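One-letter residues, chain by chain:
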Amino acid sequence: MTRPHTLDIDAPLATRLADTLVYPLRGTSLAAIVALAAGLAIADLMPGIVYLFLWVIIWVAVYMHALACLRHSADGWADAPEIGLEGSAAPAFLLFLIQLLGLYGTTFAYNVHQDFFFVPLLLALVLPGFTISLAFGDHGWSALSPVRMVATIKAFGITYLLAMAVGMLQSMVWIGSLKYGHGFVGNALWLVLVMYCAILNFHVLGRLMYRFHERMGYQPEADTIAMATGRDHDSELLARVKSLVNAGEKGEALALLDERVRQSRAPWPVHAEFRKLALVLNEHSALLETTPQCLASLLNEADWRRALAVVRQNIDIQPDYMPPEPAVAGELAEQAAKMGMNRLALKLARGYPNTWPRDAEAARYGLLAAELLADRMNQPAEAGVLASKLLIAFPD
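Described below are features of the structure shown in this document. (Residues numbered from 1 in each chain as written. Predicted model: local features only at pLDDT ≥ 70, side-chain atom pairs only at ≥ 80, totals over all residues. Heavy atoms only, no water.)

1. Points about unusual backbone geometry
Here the phi dihedral of N282 falls at roughly 60 degrees; this positive angle occurs in a residue that is not glycine. Checked against the element boundaries, N282 lands in the loop between α13 (268-280) and α14 (284-289). (Helix = DSSP H or I, 4+ residues; strand = E, 2+ residues; numbered from the N terminus.)

2. What about the packing of aromatic side chains?
All told, the structure shown has 11 aromatic pairs when counted by the stated rule. Arranged with centres 5.9 Å apart and planes meeting at 35 degrees, the rings of F156 and F212 form a pair that is tilted. Placement of the pair is F156 in helix α6 (residues 146-156) and F212 in the loop between α8 (184-211) and α9 (213-216), with a sequence separation of 56 residues. Its relative accessible area of 1% is what places F156 among the buried residues. In this structure F212 comes out as buried when scored by relative accessible area, which is 12%. What links up through ring pairs into an aromatic cluster is the set W55, W59, Y63, F96, W174 and F202. Note that R364 overlies the ring of Y365, its terminal NZ or CZ placed 4.5 Å from the centroid. (Phe/Tyr/Trp six-rings, centres within 6.5 Å; stacked < 30°, edge-to-face > 60°. Buried < 20%, exposed > 50% of the residue type's maximum accessible area, 1.4 Å probe, protein only. Lys NZ or Arg CZ within 6 Å of the ring centre and 35° of its normal.)

3. Section: the packing of helix α7 (residues 160-180) against α8
Contact geometry for α7 and α8: axes closest at 9 Å, N-to-C directions at 170 degrees. Considering their axes alone, α7 and α8 lie roughly antiparallel with respect to each other. Listed contacts from α8 to L162, A163, V166, G167, L169, Q170, V173, W174, G176, S177 and Y180 of α7 are W190, L193, V194, C197, A198, L200, N201, F202, V204, L205 and L208. Here the contact of α7 with α8 is composed, by residue class, of 17 nonpolar, 5 polar and no charged. (Axes fitted to C-alpha atoms, helices over the stretch in contact; angles between N-to-C directions. Parallel < 35°, antiparallel > 145°, perpendicular 65-115°, else oblique. Contact = heavy atoms within 4.5 Å. Nonpolar A, V, L, I, M, F, W, Y, C, P; charged D, E, K, R; others polar.)

4. Re the pattern of salt bridges
Counted according to the given criterion, the structure contains 9 salt bridges. Of the charged contacts, one joins R262 and D258 as a salt bridge, the two residues approaching to 2.7 Å between their closest N and O atoms. In this structure, a network of salt bridges that share partners links the residues D258, R262 and E289. (Salt bridge = Lys/Arg side-chain N within 4 Å of Asp/Glu carboxyl O.)

5. A few points about helix α17 (residues 326-338)
An ideal rise of 1.5 Å per residue puts 18 Å on 13 residues; α17 measures up with 18 Å between its terminal C-alpha atoms. Three or more residues of α17 are buried, namely P326, V328, A329, G330, L332, A333, Q335, A336 and A337. Along its buried surface, α17 packs onto α15 (291-300), α16 (304-317), α18 (342-355) and α19 (362-376). (Expected span 1.5 Å × (residues − 1).)

6. Side note on a nonpolar patch on the surface
Together, I42, L45, M46, I49, V50, L52, F184, V185 and L189 make up a nonpolar patch on the protein surface, roughly 890 Å² of accessible area in all. Among the secondary structure elements, V185 is positioned in helix α8. (Patch = residues over 30% accessible without salt bridge, like charges linked within 9 Å, V, L, I, M, F, W, Y side chains within 5 Å. Areas by Shrake-Rupley, 256 points an atom, 1.4 Å probe, with all protein chains shown as cover.)

This is the structure we're talking about:
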């Protein structure tokens, strides 16, 4: 049995863009577009009431398939779902009806007065969040809840503008079909384009939801299966990196890893491979820049020994290096002292008050440095000098 392909959110931007644009032209989506567009073109030849009935039925089928594509993409699957009309038609009908009213409302407002530009903008703002709510179980008008809308916008961040732009593209193409779709062939071609944009729009929403599923509180099916079977995107990424390194493409391998390690929650094996390649290629700046994410991942797992090794490696590259956050630096200083890494503990503790002199914990870590000098490194004179400086700097 062939394993289904999963979305690769760590692939280069050009690859992700190409995969997104061809999604409606692959497999079941292409078959659905051709069949449903042909059905609508034939329906145009029918008498009034028959035409209207078939027109509504077919468009609801289009939106049912598009919603299935959204759910499938949000679950992490790269290919379209099998053609089918399982599930309730109510969400698809409601979404189709609202978009249809919005499109005709936009056309009417534009013809009445061109200053009614806010109508398509409002439609573009509302529809992505509304569509996602409908796709994942909200019923009827409850999907228009402003709270859910704001939550979706907050989760997507700036990329919500992408969802709005693709939705506006779908709307403009549909309006174009109403104006220019004349004749059987011309109408059929415009309908194919409208359906392409509809499926593209919903796939983009699904991709964005998959990318930000943690913020949305959603567990993708593909990730659940990957965890159960021991396969995940990071394992596949490391396998691809290994192939590139073996082929002598170390720069390309580093670029793949660089994009991943700058994201949240990249695991240690990915960071370790990135740091190894960065050292080989003398990309020290990239190594230092991505250290905060690396330390966050390690500290989240309480992996102090590896975290301290990362800090020591950074100090070898940049002698005045200090962790970016005072809380992290202080915790690492204490852990280094507990583990007997006296020189590293001294470096971190001594650097704390110098780096963050106004921090509430600066004096405490300065005293830790003095204790290390006196008790463990047999340098009582230097410890006394440091203690005197601390008393002057922190009289309280």
